[in-house]
Amino acid sequence: MLALGAVLAGGCTVRDSTAPPSRVVLPARFAEVPAMAGSPGDLARWWTQWHDPVLDRLVEGALAANPDLAVARAHVRQAGAYVTVARSALYPTVGATGDIAGGGLGWSNPAVPAALAPNLGDPATDGHLAGLAAAWEPDIFGGRHADLRAARAVAQSVAEQVRGTRMLVAADVVQSYVGAVDDLRRVALIDRSATVLDRMEAYAAARMAAGQATRADIDSIWARRRALLAARPMLVADADTRRRRIAVLSGRPPEKAPAIPQPAAFAIPPVPGGIVPVAVMDRRPDIRARRELVDAALERLRSARTDLLPRFGLEFFGGNGRLRFDGLPGLSGSGGLMALTTYLPIFTAGRIHAQIDAADARLDEAVTLYDQALLTALSEVETAYESRAGLDVQGQGLSAALASAQREARDRLGLFDGGQGTLLDALQARLNAIAIEDAGVRSEDGRAMATIRLATALGGGW
């Protein structure tokens, strides 16, 4: 039978199975990379390029204590244990067995001298049996090895999930920090605008007393001030929500949310360039994990196909025992038994072929999901590049508009000081400049978020 198995093994192998090829053709370069893009920098710790020590400390603290990362690392340990289980199937199973028995009626015959029947005063029977059993199924056609490779691929995909979790945690901290900073910047602008409106209201009241303005002018200013201040509480609440988010990401209670410095020290880094799609796909943990799952599905298909082939096994039992009956000489001895077992499936009502079809379908699914992940990753990178480029142009326009508005505010104040204009015009020009500055803060927040999305899309963070 072993010779037959060797012949079959030489003529039939499951290693010939291959995964369907990916239908996604990676482009040579990203289309939306700006011409003035800078160097990639340190993608592993991309947040350090923002040059904010507070931000660096918050990110590193979250990566050290984040609960999601702790769960992901526990999953890695579980996957490693499953690899050990799969590997154990390649080796013999050895176990010890034993029995001790005893009991009886406790009777004796006084007519028989004790010297002639020394066991009559003992329990009726006693004995023991001990042995060593071993079993081994040689992996002639590679099914068990395929199972082991599948378990290793799954374990590697789980390890990639840890890297992906690190990326998301770092990005979440930076998003929360930058968002809170920008919320507080907008609160400060609201307070500045409210101060200007207070001066405008006082000025209008004085003019009304002089007969140069009406009550409607004062009511208009008052309404603008109330509408402006109505947005303040929500901005404060949003900043606090983001601070609490950072605390939770760092494994701390919300009550220990970090303070957000004002003004913050961060500066949005330039757009990274010089990165080609194939390098991004090799770096992104989600793509790498999907690739490992394709390998795992392929190995499971190979394992399923071996169920059509014969299986061989070796079994061995060796033991030693003793058995004694009351009044009879004891029996004892030792021995062993070895057997060669074979199994060839003949009729299984289509079960094995159905399992192979299911494994083949799971392989197709894994390849499709891999292709989908590739397309999604390419789209995320291109979208992030384009979004950042558009926001850069918007920011430049708002910066120019702010400079013009601030010049106008200074000019109108000079006209008022020279007696050629009103203070109301000068204050209104200052309000206009503050409104443009607020739009610039919102645009800068968008640029920061686009930069964070781009860093994540490029596989930065691990």
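Our structure's up above, just so we're on the same page.
Residues numbered from 1 in each chain as written. Predicted model: local features only at pLDDT ≥ 70, side-chain atom pairs only at ≥ 80, totals over all residues. Heavy atoms only, no water.

1. Description of the overall build of the protein chain
Heads up, the rule is: Secondary structure follows DSSP: runs of H or I at least 4 residues long count as helices, runs of E at least 2 residues long count as strands, and numbering of each begins at the N terminus. Burial classes: relative accessible area under 20% of the type maximum marks a residue as buried, over 50% as exposed, and values in between as partly exposed (1.4 Å probe, protein chains only). By definition, residues are in contact when any of their heavy atoms lie within 4.5 Å. Values of accessible area rely on a 1.4 Å probe in the Shrake-Rupley scheme; residue burial ignores everything except the protein chains shown.
A tally of regular secondary structure across the protein chain gives 10 helices and four strands. Within the span of the protein chain, comprising 462 residues, buried residues form 36% of the whole. Relative to all contacts within the protein chain whose residues are 6 or more apart in sequence, the contacts with residues 24 or more apart total 85%. Total accessible area computed for the protein chain in this model is approximately 24,800 Å², and 59% of it derives from carbon and sulfur atoms.

2. Considering the packing of aromatic side chains
The test is simple: Stacked, edge-to-face and tilted labels apply to pairs of Phe, Tyr and Trp rings (six-membered ring for Trp) whose centres lie within 6.5 Å, assigned for plane angles under 30 degrees, over 60, and everything in between, in that order. We call a charge positioned over a ring when the NZ of a Lys or the CZ of an Arg lies within 6 Å of the ring centre and within 35 degrees of the ring normal.
If you walk through the whole model with that rule in mind, you get four aromatic pairs. Considering the side-chain rings of Trp 46 and Trp 47, the 5.8 Å spacing of their centres and the 80° angle between planes classify their relative orientation as edge-to-face. On the basis of relative accessible area, Trp 46 is assigned to the buried category, the value being 4%. Taken together through their ring pairs, the aromatic side chains of Trp 50, Tyr 177 and Phe 266 make up a single cluster. When the ring centre of Trp 462 is taken as reference, the NZ or CZ atom of Arg 283 above it lies at 5.2 Å.

3. Regarding the packing of helix 2 (residues 53-65) against helix 4 (residues 143-209)
Which entries qualify depends on this criterion: As a rule, the C-alpha atoms of each element are fitted with a line to give its axis, helices using only the stretch in contact, and angles between N-to-C directions run from 0 to 180 degrees. Crossings are sorted by hand: turned counterclockwise from the far helix by less than a right angle, the near helix makes the crossing left-handed, and turned clockwise it makes it right-handed. Any residue outside Ala, Val, Leu, Ile, Met, Phe, Trp, Tyr, Cys, Pro, Asp, Glu, Lys and Arg is labelled polar, Gly included; the first ten of those are nonpolar and the last four are charged.
At a minimum axis separation of 9 Å, helix 2 and helix 4 run at an interaxial angle of 145°. By crossing handedness, the relation of helix 2 to helix 4 is classed as right-handed. Here Val 54, Leu 55, Leu 58, Val 59, Ala 62 and Leu 63 of helix 2 lie close against helix 4, whose contacting residues are Arg 166, Val 169, Ala 170, Val 173, Val 174 and Tyr 177. Its residues assigned to classes, the contact of helix 2 with helix 4 shows 11 nonpolar, no polar and one charged.

4. Some thoughts on the environment of Pro 269
With respect to the secondary-structure elements, Pro 269 resides in the loop between helix 6 (232-249) and helix 7 (277-283). With 228 residues separating them along the chain, Pro 269 and Gly 41 place their C-alpha atoms 9.9 Å apart. Residues contacting Pro 269, with those up to four places away along its chain left out, are Gln 49, Trp 50, Arg 388 and Thr 451.

5. Focus on helix 2
For the record, the criterion: For a helix, the expected span equals 1.5 Å multiplied by the residue count minus one. Note that the arc is computed from the directions linking the helix axis to the C-beta atoms.
Relative to the 18 Å expected for 13 residues at 1.5 Å per residue, helix 2 spans 18 Å between its end C-alpha atoms, a close match to the ideal helical length. If you check which residues of helix 2 are buried, you get Val 54, Leu 55, Leu 58, Val 59, Ala 62 and Leu 63. Along the long axis of helix 2, the arc covered by the buried residues comes to 165°, so they all point the same way. With respect to the buried face of helix 2, the exposed residues turned more than 90 degrees away are Pro 53, Arg 57 and Ala 64.

6. Observations concerning the environment of Asp 219
Inspection of the secondary structure puts Asp 219 in helix 5 (residues 215-230). Here Asp 219 falls in the partly exposed class, since its relative accessible area comes to 38%. The spatial distance from the C-alpha of Asp 219 to the C-alpha of Ala 204 is 9.8 Å, given a sequence separation of 15 residues.

7. Some remarks on a nonpolar patch on the surface
Using the following cut-off: Two joining distances apply to patches: 9 Å for like charges and 5 Å for nonpolar side chains (Val, Leu, Ile, Met, Phe, Trp, Tyr), and every residue must have over 30% relative accessible area and no salt bridge. We define a salt bridge as a side-chain nitrogen of Lys or Arg found within 4 Å of a carboxyl oxygen belonging to Asp or Glu.
Residues Trp 136, Leu 314 and Leu 340 make up a contiguous nonpolar surface patch of about 250 Å² in total accessible area. Turning to its location among the elements, Trp 136 is positioned in strand 2 (residues 125-136). Residue class for Trp 136 comes out partly exposed when judged on its relative accessible area of 34%.

8. Looking at the pattern of salt bridges
Between side chains of opposite charge, pairing is possible as soon as their charged atoms come close. Inspection of every chain in the model, using the stated rule, returns 26 salt bridges. Across the pair Arg 215 and Asp 219 runs a salt bridge whose closest N-O atoms are separated by 3.4 Å. Linking Arg 215 with Asp 219, this pair stays in helix 5, spanning four residues, or about one helical turn. Taken together, the salt bridges that share partners define one network made up of Glu 137, Arg 144 and Arg 311.

9. Comments concerning helix 8 (residues 285-305)
With 21 residues, helix 8 ought to run about 30 Å at 1.5 Å a step, and its terminal C-alpha atoms sit 30 Å apart, in line with that. The set of residues buried in helix 8 consists of Pro 285, Ile 287, Ala 289, Val 294, Ala 296, Ala 297, Leu 298, Glu 299, Leu 301, Arg 302, Ser 303 and Ala 304.

10. A look at the environment of Ile 190
Note that Ile 190 resides in helix 4. Every residue in contact with Ile 190, bar those within four places of it in the chain, is listed here: Leu 228, Leu 229, Ala 231, Arg 232 and Leu 235.

11. A short note on the packing of helix 3 (residues 67-88) against helix 4
This is how it is decided: When describing relative orientation, an angle under 35 degrees is termed roughly parallel and one over 145 degrees roughly antiparallel, while 65 to 115 degrees is termed roughly perpendicular and anything else oblique.
The interhelical angle for the contact between helix 3 and helix 4, taken along N-to-C directions, is 170°, at an axis separation of 9 Å. The angle between the axes of helix 3 and helix 4 places the two elements in the roughly antiparallel class. In this structure, helix 3 contributes Asp 68, Leu 69, Ala 72, Arg 73, His 75, Val 76, Ala 79, Tyr 82, Val 83, Ala 86 and Arg 87 to the contact, and helix 4 contributes Asp 147, Leu 148, Ala 151, Arg 152, Ala 155, Val 158, Ala 159, Val 162, Thr 165 and Arg 166. The class makeup of the residues in the contact of helix 3 with helix 4 is 13 nonpolar, two polar and six charged.

12. Structural notes on the side chain of Asp 438
Within the secondary structure layout, Asp 438 lies in helix 10 (residues 423-457). The residues contacting Asp 438, other than those within four sequence positions of it, are Arg 186 and Leu 189.

13. Notes on unusual backbone geometry
With an omega of -5°, the peptide bond running from Gln 262 to Pro 263 counts as cis. Examined against the element boundaries, Pro 263 turns out to sit in the loop between helix 6 and helix 7. We note that His 51 has phi near 55°; this positive angle belongs to a residue other than glycine. With respect to the helices and strands, the residue His 51 is situated in the loop between helix 1 (2-11) and helix 2.

These figures come from the coordinates and say nothing about function on their own.
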